[in-house]
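Overview (structure and organization)
Chain by chain, the residues run as shown.
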Amino acid sequence: MDKSAYPYHGGRLRWHSSLAKLTFWSFVFIGVIFIFFYRSPSSSSSSSAAAATSSSSRGGPAWEKKVRTSARIRSRNGFSVLVTGAAGFVGTHVSSALKRRGDGVLGLDNFNDYYDPTLKRARQALLERAGVFIVEGDINDAALLKKLFEVVPFTHVMHLAAQAGVRYAMQNPGSYVHSNIAGFVSLLEVCKEATPQPAIVWASSSSVYGLNTKVPFSEKDRTDQPASLYAATKKAGEEIAHTYNHIYGLSLTGLRFFTVYGPWGRPDMAYFFFTKDILNGKSIPIFEGENHGTVARDFTYIDDIVKGCLGALDTAQKSTGSGGKKKGPAQLRVFNLGNTSPIPVTNLVTILERLLKVKAKRNVMKLPRNGDVQFTHANISLAHRELGYKPTTNLQTGLKKFVRWYLNYYSAAGKKADAR
Ligand SMILES: O=C(O)[C@H]1O[C@H](OP(=O)(O)OP(=O)(O)OC[C@H]2O[C@@H](n3ccc(=O)[nH]c3=O)[C@H](O)[C@@H]2O)[C@H](O)[C@@H](O)[C@H]1O
């Protein structure tokens, strides 16, 4: 091949190629520095740098228009709701239910990789089609939260962003403190300053009952014996809620969810990865208590939980403060949202076997001492009285809907279930 046919060769080529190399390596260097600062969560200077970078890239008239449009109320007496954790399991269902009835909804989610983020992206796509925009960001990013409240005077916040999972708390304790404590405080700080202050409904957990043995669990029972760090951070959330209610007049409602399951669920939860493993012929670890004691959960179907969340939003009174000042006492509530019908985990497996038409390889083992409790059972009379909460889906029916979704979702696009 005749090299002279190429316009750049000889001395010019060498000069150009060194300049190109220099430019290339400069970009690589800047890129590495950027990634280092952007990814590092531990240094406060780097996180504020990241916050500044991420917030500024989220500004601008087009972005603000998307935020406003998504949060626009389309029904009489509707709400404008900021839903944190909107790409999560409960967040997706609550967001679409609110949107369907004409409330304005803006989502916020950090799309972390605790479990397969492609599932979160699929939920995001679902919400986008319904007209819900999800801002990608962390609840610890105060600058971003402030910006959102500047653009939209939210009437309500549905706070569902959290580090979930009972057992994972032993592997990554910091992530629970970061999301469930620091993140919650960061959100409340911004809410308390907002004018008007929004009413806040947020996800607590059945796990706060911890080692409580009095059943069914009532909101009046003791919750000072958490069995996992996850439970301890949710319990801390309830105390933090009390403080912000007391000092700043924020209206706060905590919902103690009992093992929520259903379509678009969380792959780290037992019913979800049992399904995957049964289909793959893998053995599943089934926990049992001392002396072959039954391990059971008050499994609660997602549609029932959504109704409870909407009931909590609808009955939430206004916060009484504004601009960081309390003007009078405000509402402070906690409710159990369960099914009030505990089912042994072995029965859950039997139902799955029937629905999947595959026999599970059961590996029965002792309940590990890593945060699990043996039994949960919700007393829901308070939620029934105050929120009109009345669960209607039993485990058999709910799992049928889940399995239908699961088979459809993972076979449709040839997706692989990345369960944990
Ligand atoms: O109500 C809550 O507040 C929590 O509910 C959920 O926790 P759990 O009730 O523990 O659900 P999940 O892990 O699905 O285990 C279900 C059952 O299977 C048993 N289990 C579990 C794993 C296993 O390998 N084997 C097994 O038998 C296990 O012993 C248990 O009996 C949420 O994850 C949590 O984020 C929080 O929201």
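Since this is a predicted model, take the numbers as computed values, not measurements. (Residues numbered from 1 in each chain as written. Predicted model: local features only at pLDDT ≥ 70, side-chain atom pairs only at ≥ 80, totals over all residues.)

Moving on, we come to the overall build of the protein. Along its length, the protein carries 13 helices and 13 strands. Taking all 420 residues of the protein together, the buried fraction comes to 42%. Nonlocal contacts in the protein, meaning residues at least 24 apart in sequence, comprise 81% of its contacts between residues at least 6 apart. (Helix = DSSP H or I, 4+ residues; strand = E, 2+ residues; numbered from the N terminus. Buried ≥ 20, exposed ≤ 12 C-beta atoms within 10 Å, placed from the backbone. Contact = placed C-beta atoms within 7 Å.)

Relative to the assigned elements, Ser207 resides in the loop between β5 (199-205) and α8 (229-248). Since 26 C-beta atoms lie within 10 Å of it, Ser207 is described here as buried. It is 30 Å that separates the C-alpha atoms of Ser207 and Tyr410, two residues lying 203 residues apart in sequence. Ignoring anything within four residues of it in the chain, the contact list for Ser207 reads Val166, Pro226, Ser228, Tyr230, Ala231 and Lys234.

Another point: the sheet that holds strand β2 (residues 104-109). Here we have seven strands laid out as an open sheet, ordered β3-β2-β1-β4-β5-β6-β11, and parallel in their pairing. Each edge of the sheet is formed by a strand with only one pairing partner; in this case those strands are β3 (133-136) and β11 (332-337). Neighbour-to-neighbour, the strand axes of the sheet open up by a mean angle of 20 degrees, direction not taken into account. Contacting β1 (80-84), β2 and β3, helix α3 (residues 61-71) runs over the sheet at an angle of about 125 degrees to β2. Running at roughly 165 degrees to strand β6 (residues 252-257), helix α10 (residues 302-315) makes contact with β4 (156-159), β5, β6 and β11 of the sheet. (Pairing = 2+ DSSP bridges. Axes fitted to C-alpha atoms, helices over the stretch in contact; angles between N-to-C directions.)

Attention shifts here to the site of the ligand. The full set close to the ligand counts 18 residues, and Ala164, Ser205, Met269, Ala270 and Phe287 are the nearest of them. Here the shell around the ligand takes three residues from strand β8 (residues 283-288), the largest share from any one element. (Near = placed C-beta within 6 Å.)

Mapped onto the elements, Thr275 comes out in helix α9 (residues 270-279). Separated by 113 residues in the primary sequence, Thr275 and Gly388 have C-alpha atoms spaced 33 Å apart. Those residues in contact with Thr275 that sit more than four places away from it in its chain are Leu352, Leu356, Val403 and Tyr406.

All of the buried residues along α3 are Val67, Ser70 and Ala71. Looking straight down α3, one finds that the buried residues subtend no more than 95 degrees of arc, so they occupy a single side. For α3, the exposed residues set more than 90 degrees away from the buried face come down to Pro61, Ala62, Lys65 and Thr69. Packed against the buried residues of α3 are β1, β2, β3 and α6 (142-151). (Arc of directions from axis to C-beta.)

Summing up the model confidence of the protein, the mean pLDDT is 89 and the portion of residues at 70 or higher is 85%. This stretch, residues 1-17, has a pLDDT under 50; its non-local contacts, to residues over four places away or in other chains, come to four contacts. In the predicted structure, residues 28-56 sits below a pLDDT of 50 and forms 18 contacts with residues beyond four places in sequence or in another chain. Interface predicted TM-score (ipTM) for the complex: 0.99; the corresponding pTM is 0.87. (pLDDT = per-residue confidence, 0-100.)

Attention now goes to the pairing of β2. Counted residue by residue, β2 has six buried out of six residues, so it is predominantly covered. Of the two faces of β2, the one lined by Gly104, Leu106 and Leu108 and the one lined by Val105, Gly107 and Asp109 are each fully buried. Of the pairings in the sheet, the one linking β1 to β2 comprises five bridges and is parallel in character. What sits directly across from Leu82, in β2, is Leu106. Looking at chain direction, β2 and β3 are connected through four bridges and run parallel. Residue pairing across strands places Leu106 opposite Phe133, the latter belonging to β3.

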